[in-house]
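Summary of the model geometry
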Amino acid sequence: MATYAIGDVQGCCDELEALLARCGFDATRDRLWFVGDLVNRGPKSLEVLRRVRALGDAAVVVLGNHDLHLVCYAEGFWQRRPDDTLDAVLAAPDGAELVAWLRTRPLMHVEGRYAMVHAGLLPQWTVERAQALAREVESALQGSGYRDFLAHMYGSRPQRWEDALGGHDRLRVIVNAMTRLRFCTDEGEMDFKETGCSPPAGFKAWFDTRGGRSEPAIVCGHWSTLGLKLSERLLALDSGCVWGGRLSALRLEDRALFQVPCRCHQPLGGAT
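Within each chain, residues carry numbers counting from 1 in the order of the written sequence. With the structure being a predicted model, the display of local features is reserved for residues of pLDDT at least 70 and the display and counting of side-chain atom pairs for 80 or more, all residues being used for whole-chain, interface and lining totals. Side-chain measures were taken over the full set of non-hydrogen atoms in the model, leaving aside hydrogen atoms and water.

How two aromatic rings sit relative to each other is given by the distance of their centres and the angle of their planes. Within 6.5 Å between ring centres, the rings of Phe, Tyr and Trp (the latter by its six-membered ring) count as paired, and their orientation is classed by plane angle as stacked under 30 degrees, edge-to-face over 60, tilted in between. If you walk through the whole model with that rule in mind, you get five aromatic pairs. Both rings, one in Tyr 4 and one in Phe 258, keep their centres 5.9 Å apart while their planes meet at 75°; by these two values the pair is edge-to-face. Linking Tyr 4 in strand β1 (residues 3–6) with Phe 258 in strand β13 (residues 256–261), this pair joins segments that are 254 residues apart in sequence. Any residue under 20% of the maximum accessible area for its type is buried, any over 50% is exposed, and the rest in between are partly exposed; the area is computed with a 1.4 Å probe on protein chains only. The exposure class of Phe 258 is buried, given its relative accessible area of 14%. Ring centres of Trp 206 and Phe 207 lie 5.6 Å apart, and the angle between their planes is 80°; on these two criteria the pair is classed as edge-to-face. When sorted by exposure, Trp 206 lands in the same class as Phe 207, which is buried. By way of ring pairs, the aromatic residues Phe 183, Trp 206, Phe 207 and Trp 223 are connected into one cluster. Counted as over-ring charges are cases with an Arg CZ or a Lys NZ within 6 Å of the ring centre that also lie within 35 degrees of the ring normal. Over the aromatic face of Tyr 146 sits the side chain of Arg 103, whose NZ or CZ is 3.6 Å from the ring centroid. Arg 180 extends its terminal NZ or CZ atom over the ring of Phe 192, reaching a point 4.1 Å from the ring centre. Helix numbering and strand numbering both begin at the N terminus, where a helix is a DSSP run of H or I of at least 4 residues and a strand a DSSP run of E of at least 2.

Okay, structure coming up:
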């Protein structure tokens, strides 16, 4: 049995199939961890959703910002963007079912020596604390009042975490950190404007604010301009497939790396 953590797929289904073949993935024996952003920007979001959902318990998926964008768009809370490639999902006979399945995926997954989240964690949060906060969002997304949550989910404020936060502000900060974060201060103030690799003045890459704490290694994606970054405590796997890079998988048991090149990609420059 092997567990393969896979970077942002973003609708690149052909590359996903090629990567699984290169890994020698066997659904009866192995497991896949997807770091989020299964959909959007690439040409085959519908096929990716169908393929991953059909894997059942062999696949663990955490939500990314593009996944949540699809859910909001399908529920009428966000307008289509010019570079979205989600129409095939919404027009499909099983589209609503696939979106409902996506909405019930977790925001964070912790197992053994690894913790997986799409973007990052704030410095105030231990992995255990972050997992509890993720469950708050998951309860809102999966509950009967999920549409009210979606109606208030978007926005970049508050820009930092406070334990006293409540209501929609509290949930929005959790979502923003776990699905959008790149840079923050040591005090946990987040920046959402810079998408490159150079931090704004006073900010750091989120993983550089976590100090020398003992915690599971964090598996993440989201940051295509950072690219593949592997260290003892960080496995950043968004190698920019949809932007002309590669789709990456890391076997967690021995950290063997598998990659395939992209076949069809969007022009570089719109990464979010």
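Having seen the model, we can carry on.
Another aspect to go through is the side chain of Asp 30. Here Asp 30 shows up in the loop between α1 (13–23) and β2 (31–34). Any N or O atom pair separated by 3.5 Å or less is treated as a polar contact, with the protein-specific requirement of one donor-capable and one acceptor-capable atom, and with residues adjacent in sequence counted only for side-chain atom pairs. Separated by 3.0 Å, the side chain of Asp 30 and the backbone nitrogen of Ala 2 make a polar contact. Among the polar contacts listed, one links the side chain of Asp 30 to the side chain of Arg 29, at a separation of 3.1 Å. The criterion used for residue contact is that any of the two residues' heavy atoms lie within 4.5 Å. For Asp 30, the contacting residues outside a window of four places in its chain are Met 1, Ala 2, Tyr 4, Gly 24, Phe 25 and Ala 58.

One side-chain nitrogen of Lys or Arg within 4 Å of one carboxyl oxygen of Asp or Glu is enough to make a salt bridge. Summed over the entire model, instances satisfying the criterion amount to 18 salt bridges. Glu 162 is the salt-bridge partner of Arg 160, the closest N and O atoms lying 3.6 Å from each other. Of the residues examined, Arg 160 reaches a relative accessible area of 33% and is grouped as partly exposed. Residue Glu 162 is classed as partly exposed on the basis of its relative accessible area of 41%. Residue Arg 233 pairs with Glu 215 through a salt bridge whose shortest N-O separation is 3.6 Å. Placement of the pair is Arg 233 in the loop between β10 (229–230) and β11 (234–236) and Glu 215 in the loop between β8 (204–205) and β9 (217–220), with a sequence separation of 18 residues. For Arg 233, a relative accessible area of 31% gives the class partly exposed.

Regular strands place their side chains on alternate faces of the sheet. What you see with β9 is no split at all: Ala 217 and Val 219 on one side and Ile 218 and Cys 220 on the other are buried throughout. Two strands form a pair only when DSSP identifies at least two bridges running between them. Sheet topology places strand β5 (residues 114–117) next to β9; three bridges connect them, and they run parallel. Among the inter-strand pairings, Tyr 114 is bridged to a residue of β9, identified as Ala 217.

Within the element layout of this structure, Thr 185 appears in the loop between β6 (183–184) and β7 (190–191). Since its relative accessible area comes to 8%, Thr 185 is described here as buried. Among residues more than four places away in sequence, those in contact with Thr 185 are Pro 123, Gly 202, Phe 203 and Thr 209.

Below, the discussion takes up the sheet that holds strand β4 (residues 108–111). In spatial order, the strands read β4-β5-β9-β11-β10; together these five strands make up an open sheet with mixed pairing. At either end of the open sheet lies a strand with only one pairing partner, and these are β4 and β10. Note that β4 and β5 share four bridges and pair antiparallel. Counterpart to Glu 111 in the pairing with β5 is Tyr 114. Interaxial angle, 0 to 180 degrees, is taken between N-to-C directions of lines fitted to C-alpha atoms, where a helix line uses only the stretch in contact. Contacts between helix α6 (residues 127–142) and the sheet are confined to β4 and β5, with β4 contributing the most and set at about 140° to the helix.

In this scheme, patches are assembled from residues that exceed 30% relative accessible area and form no salt bridge. Like charges are connected within 9 Å, while nonpolar side chains (Val, Leu, Ile, Met, Phe, Trp, Tyr) are connected within 5 Å. Here the accessible surface of atoms and residues is derived via Shrake-Rupley with a 1.4 Å probe, and residues count as covered only by protein chains that are part of the display. Taken together, the side chains of Leu 228, Leu 230 and Leu 257 define a hydrophobic patch exposed on the protein surface, amounting to about 220 Å² of accessible area. Within the secondary structure, Leu 230 is located in strand β10.

Turning our attention to helix α2 (residues 45–54). Of all the positions in α2, only Ser 45, Leu 46, Val 48, Leu 49 and Val 52 are classed as buried. Looking straight down α2, one finds its buried side chains confined to an arc of 160°; they lie on one side. On its buried side, α2 packs onto α1, β2, β3 (59–61), α3 (65–74), α4 (87–91) and α5 (95–103). The directions considered for the arc run from the helix axis to the C-beta atoms.

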